[in-house]
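Summary of the model geometry
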Amino acid sequence: MTKERVAVVGVGQTHHQATRGDVSMAGLVREAAQRALADAAMTWSDIEAVVVGKAPDFFEGVMMPELYLADALGAVGKPLFRVHTAGSVGGSTALVATQLVEAGIHERVLTVAFEKQSESEAMWALSLPIPFQPPMHAGAGGYFAPHIRSYMRRAAAPDHIGILVALKDRGNALANPYAHLHDHEITFDSIKESLMLWDPIRYAETCPSSDGACAMVLGSEAVGDAAAAAGNAPAWVHGTAMRSEPTMSADRDPVLPQGGRDCALDVYRQAGITDPRRQVDCVEMYVPFSWFEPMWLENLGFAAPGDGWRMVEDGVTAMDGDLPVNMSGGVLCSNPIGASGMLRFAEVALQVRGKAGEHQVDGARIGVGHAYGGGSQFFAMWVVGAAKP
Amino acid sequence: MRDIAVVSFAQSDHVRRVDDRNEVEMIMPVVAEALSGAGMTMDDIGFTCSGSTDYLAGQAFSFVMTLDGVGPWPPIQESHVEMDGAWALYEAWVKLQLGEIDAALVYCYAKSSPGDLPMVLTRQLDPYVVGPLWPDAVSLAALQARALLDGGSVTEADMAEVAARSRSAALDNPHAHLRWDRPAALLLDEPYLVAPLRRHDCPPISDGVAAMVLAGDDVARAHAERPAWIRGIDHRIEPMALGVRDLTTSASTRRAADHAGAHDGTIEVAELHAPFTHQELILREALDLDDSVVVNPSGGPLAANPMMTAGLIRIGEVATRIHGGQHARGLAHATSGPCLQQNLVCVLEGDDR
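Residues numbered from 1 in each chain as written. Chains lettered and ligands numbered in written order. Predicted model: local features only at pLDDT ≥ 70, side-chain atom pairs only at ≥ 80, totals over all residues. Heavy atoms only, no water.

With that settled, the discussion passes to the overall build of chain B. Helix and strand counts for chain B come out as 12 helices and 12 strands. Relative to the 2.2 N^0.38 estimate, which gives 20 Å for 353 residues, the radius of gyration of chain B is 19 Å and therefore close to what a compact globule would have. In chain B, once contacts between residues fewer than 6 apart in sequence are set aside, the share between residues at least 24 apart is 79%. Taken as a whole, chain B presents about 11900 Å² of accessible surface, with 50% of it coming from carbon and sulfur. Across chain B, 26 positive and 49 negative side-chain charges occur, with their mean positions spaced 3 Å apart. (Helix = DSSP H or I, 4+ residues; strand = E, 2+ residues; numbered from the N terminus. Rg over C-alpha atoms; globule rule 2.2 N^0.38 Å. Contact = heavy atoms within 4.5 Å. Areas by Shrake-Rupley, 256 points an atom, 1.4 Å probe, with all protein chains shown as cover. Lys, Arg positive; Asp, Glu negative; His and termini not counted. Charge placed at Lys NZ, Arg CZ, Asp CG, Glu CD.)

On to the environment of G385 of chain A, then. Residues and elements named next belong to chain A. Mapped onto the fold, G385 is located in strand β11 (residues 378-385). By relative accessible area, G385 is classed as buried at 0%. The spatial distance from the C-alpha of G385 to the C-alpha of R353 is 8.2 Å, given a sequence separation of 32 residues. (Buried < 20%, exposed > 50% of the residue type's maximum accessible area, 1.4 Å probe, protein only.)

The next subject is the nonpolar core. With 135 residues, the main nonpolar core has M216, Y268, F302 and W382 of chain A together with L214 and I315 of chain B as its most contacted residues. Counting residues domain by domain, this core receives three or more from each of domain 1 (4-115 + 205-228) and domain 2 (117-203 + 230-349) of chain B. In this structure, L28, M64, V217 and A227 of chain A belong to the second largest nonpolar core, which totals 51 residues. (Core = buried A, V, L, I, M, F, W, Y, C linked by side-chain atoms within 4.5 Å. Domains from an automatic or database assignment.)

Below, the discussion takes up the pattern of salt bridges. Residue and element names in this part refer to chain A. Taken as a whole, this structure holds 45 salt bridges over all chains when the rule is applied. One salt bridge connects E48 with R108, and the closest N-O pair in it is separated by 3.6 Å. With a gap of 60 residues between them, E48 in the loop between α1 (25-39) and β2 (49-53) and R108 in strand β4 (residues 108-116) connect regions that are remote in the sequence. Overall, the relative accessible area of 23% leaves E48 in the partly exposed class. Look at R108 and you get partly exposed, because its relative accessible area is 24%. Here R310 ties to D307 by a salt bridge, and the two come within 3.3 Å at their closest N and O atoms. On the accessibility criterion, R310 (41% relative accessible area) is partly exposed. Each of the salt bridges in this network shares a partner with another, and the network as a whole consists of K54, D57, E60, E66, R82 and E115. (Salt bridge = Lys/Arg side-chain N within 4 Å of Asp/Glu carboxyl O.)

Between helix α2 (residues 89-102) of chain A and helix α4 (residues 85-97) of chain B, the least distance of the axes is 9 Å, while the angle of their chain directions is 55°. As far as their axial angle goes, α4 of chain B and α2 of chain A are oblique. For the crossing formed where α2 of chain A meets α4 of chain B, the hand is left-handed. Note on element contacts: α4 of chain B touches α2 of chain A through Y90, E91, V94 and K95 of chain B, opposite V96, Q99 and L100 of chain A. (Axes fitted to C-alpha atoms, helices over the stretch in contact; angles between N-to-C directions. Parallel < 35°, antiparallel > 145°, perpendicular 65-115°, else oblique. Left-handed = near helix turned anticlockwise from the far one by under 90°.)

We now examine helix α12 (residues 310-323) of chain B. Because the α-helix completes a turn every 3.6 residues, residues three or four places apart line up on one side. Residues and elements named next belong to chain B. A rise of 1.5 Å per residue sets the reference length of α12, with its 14 residues, at 20 Å; its end C-alpha atoms lie 20 Å apart and thus fit the reference within 8%. Across the 14 residues of α12, 12 count as buried, placing the element largely inside the fold. Those residues of α12 not exposed but buried are A310, G311, L312, I313, R314, I315, G316, E317, V318, A319, R321 and I322. Just downstream of α12 lies G325, where phi reads positive at about 85°. (Expected span 1.5 Å × (residues − 1).)

A few words now on a nonpolar patch on the surface. A cluster of nonpolar side chains, contributed by L195, L197 and Y203 of chain A, occupies part of the molecular surface with about 330 Å² of accessible area. Judged by its relative accessible area of 54%, Y203 of chain A falls in the exposed class. (Patch = residues over 30% accessible without salt bridge, like charges linked within 9 Å, V, L, I, M, F, W, Y side chains within 5 Å.)

For the rest of this paragraph, the subject is the side chain of D54 of chain B. As for its position among the elements, D54 of chain B is in helix α2 (residues 54-57). Buried charged residue D54 of chain B carries no salt bridge. Nearest counter-charge: R82 of chain A, at 6.7 Å. A distance of 2.6 Å separates the side chain of D54 of chain B from the side chain of S62 of chain B, its partner in a polar contact. (Polar contact = N/O pair within 3.5 Å; in protein donor to acceptor, adjacent residues only side chain to side chain.)

This part covers the domain arrangement of chain B. Residue and element names in this part refer to chain B. Each domain of chain B was delimited in the assignment, giving domain 1 (4-115 + 205-228) and domain 2 (117-203 + 230-349). For the pairing of domain 1 and domain 2, the buried interface totals around 3300 Å² over both sides, and the portion due to carbon and sulfur atoms is 67%. Applying the counting criterion to the domain 1 and domain 2 interface returns zero salt bridges. If you look at where domain 1 meets domain 2, you find 16 residue pairs in polar contact (both at pLDDT 80 or more). Elements with a contribution of two residues or more to the side of domain 1 that touches domain 2: β1 (4-11), α2, α4, β4 (103-110) and β7 (208-216). It is β1 that contributes the most residues to the side of domain 1 that touches domain 2, seven residues altogether. (Buried area = accessible area lost by both parts, 1.4 Å probe.)

Next up on the list: the pairing of strand β3 (residues 78-81) of chain B. All names here are of chain B. Here β3 shows no split at all, with E78 and H80 on one side and S79 and V81 on the other all buried. Direction of pairing for strand β2 (residues 47-51) relative to β3: parallel, over a ladder of four bridges. Pairing of G51 across the sheet is with V81, part of β3. (Pairing = 2+ DSSP bridges.)

Residues and elements named next belong to chain A. In a regular helix each residue adds 1.5 Å, so 14 residues correspond to 20 Å; α2 covers 19 Å between its end C-alpha atoms and thus fits that length. Within α2, 14 of the 14 residues are buried, which leaves it mostly tucked inside the rest of the structure. The positive-phi residue at the C-terminal boundary of α2 is G104, with phi of around 80°.

Further remarks concern the environment of V29 of chain A. The topology assignment puts V29 of chain A in helix α1. Among all residues touching V29 of chain A, those that are not within four sequence positions of it are L69, L73, V112, F114 and A213 of chain A.

Glancing now at the packing of aromatic side chains. Residue and element names in this part refer to chain A. Evaluation of the coordinates by the stated rule reveals 18 aromatic pairs over all chains. When the ring of Y268 is compared with that of F302, the centres are 6.3 Å apart and the planes differ by 70°; the resulting orientation is edge-to-face. Of this pair, Y268 sits in helix α8 (residues 258-271) while F302 is found in the loop between α10 (292-299) and α11 (308-313), placing the two residues 34 residues apart along the sequence. On the basis of relative accessible area, Y268 is assigned to the buried category, the value being 4%. Consider the rings of Y286 and Y372, whose centres lie 5.4 Å apart with planes at 80°: the pair is edge-to-face. Of this pair, Y286 sits in the loop between β9 (282-284) and α10 while Y372 is found in strand β10 (residues 366-373), placing the two residues 86 residues apart along the sequence. Y286 sits in the buried class, given a relative accessible area of 5%. Taken together, the aromatic side chains of Y143, F144, W198, Y286, F289, F292, W296, Y372 and F379 make up a single cluster linked through ring pairs. Across from the ring centre of F114, 5.7 Å away, lies the NZ or CZ of K54, which sits over that ring. (Phe/Tyr/Trp six-rings, centres within 6.5 Å; stacked < 30°, edge-to-face > 60°. Lys NZ or Arg CZ within 6 Å of the ring centre and 35° of its normal.)

Dropping the structure here:
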């Protein structure tokens, strides 16, 4: 059977902040959803189904909050679906919504991902739960620091690579009005001198904890064509993929996970990409700690194993490089966890639509969005293009 | 749409409290039973989807550890919904529609026993204006029952009939948690638990798990003697706030049933996810089920009510009766949220109707 083509015809996001005390959870998701609807030149009644994603419900202290959000999301009388796949959830939520259109079940689907982390203490929610497991670390950084240390050793990467990534992403965020962090004073030395939180991860190489939401309107080929005819160029979905691997397996390599590599190969095959380094114009990848940029460059096939850090050092991933990465500032500058994956997907859609504003990559035609979650074990990716696949 | 069928279904024995096993240990034998029932291994599965909630597990990302129970190595295509397993089935059904995979595994689980379930469920309510009042799930259901009784179309005796029929049907269900054989007339002598609900009007609190294998077209025929084909499936939601919807009917169930084509043929059997007796009466009306329909032959959620799982079990119970040839066409229903807020309807058929 042939799949229906899918177009991204609307994108919206909130201004991300440490505390969005001015809005409720409903207000937060509506802010993003209404921007996406406005971008798509649609209203709530045009939407046939709503797909919601977020990370653990403990972050807000509401069990299955999409139930309470049903009317705020205009879902009354419609199907409302809730995805939760750990940190990759923003990406996988977009993919579940995409499939509803691909399968021909719906023509226009609203997908929304959010986190309002100020309602709780995300660091402890991300720590191993006492008393079920030994309290070996506090926060996700404690979990991932050994992976980064292992990467540095295996790749013989110099210490300053993480600083370069942080400097680039924080700089990119200055051109993104929605980003949480806008640090105009940041320098290589200020990052280097910032507090060492989880060696080798410094404070300034770490994502913030944000309140925020992201939304997209996905449409069928006819909906995409209509948007294009109305002068609102859509982003076309060229490929989608998800992979999961176990937490406890001696076979796993969390530094270069097979699930991530399989996911990338699958999505490139669908999109007809044989040489990602040359064929992809820009990438939004999930980098919550600076060092994950070189690690994912290798995992996603943009660099050979051990060479990812050289792309960073050579400036390839900078806004003016060959392969700009995290033009929006990425997770390092805005991290409402449940939405972070969808923000990656949405930002590359904006790029190929030519609507990324001050952080637009000139002539971007093909973009890759990537999200990961759990202990580097859940992966979601899509490839979007300016042209119909 | 592509023809997709339930080819096997397995569930645990549902009990008040499982102390000696964690969720992973509860799931592994049931997943193995579902796979072997389909004559498959994980290598035959193209997509896996699970349903559960962190609020019952008591830890964030609880499904992450549970996934290890299916052995996802080499890496698999997999997803998780913070919903009942019936919606995990829906995601798997959509994935199968794309024609890229031929078989999917669905599983779901919950242990309610570590907490105080009616109070845990208060955390599901609007966190700003309702949650702070801590209205428990039984009290909310009682409000709904009162509204229904006040409407005059049903009586407490009708509710007692549902209780008696369900618990006695469960005598034939080896997985059921609560079974007894007492005449409905005697039940009305019992005191109210939360008026107008008596204890028999309420579901048991159960720990339990379920798993299912779905397959498309010829793969389904090769792996089941009599596949239970999903002829239609749809789900709809209403606002949560009790004051803005009619609690005495279920508009979202009616709508889902219409979209699922429930009335395109005769419904012989229906498994309804009605945790409270009066909710079965509401659903019967919303689904236009007359007395010729066999309702909840398993005993339904009044006999075993593992959270996040009781919805998928409804689909599994109808599928099992189609597999076995007892019925040719049936309807399964799943619900979520307070007072039947969100509802899913799945229509299943055997080949030789």
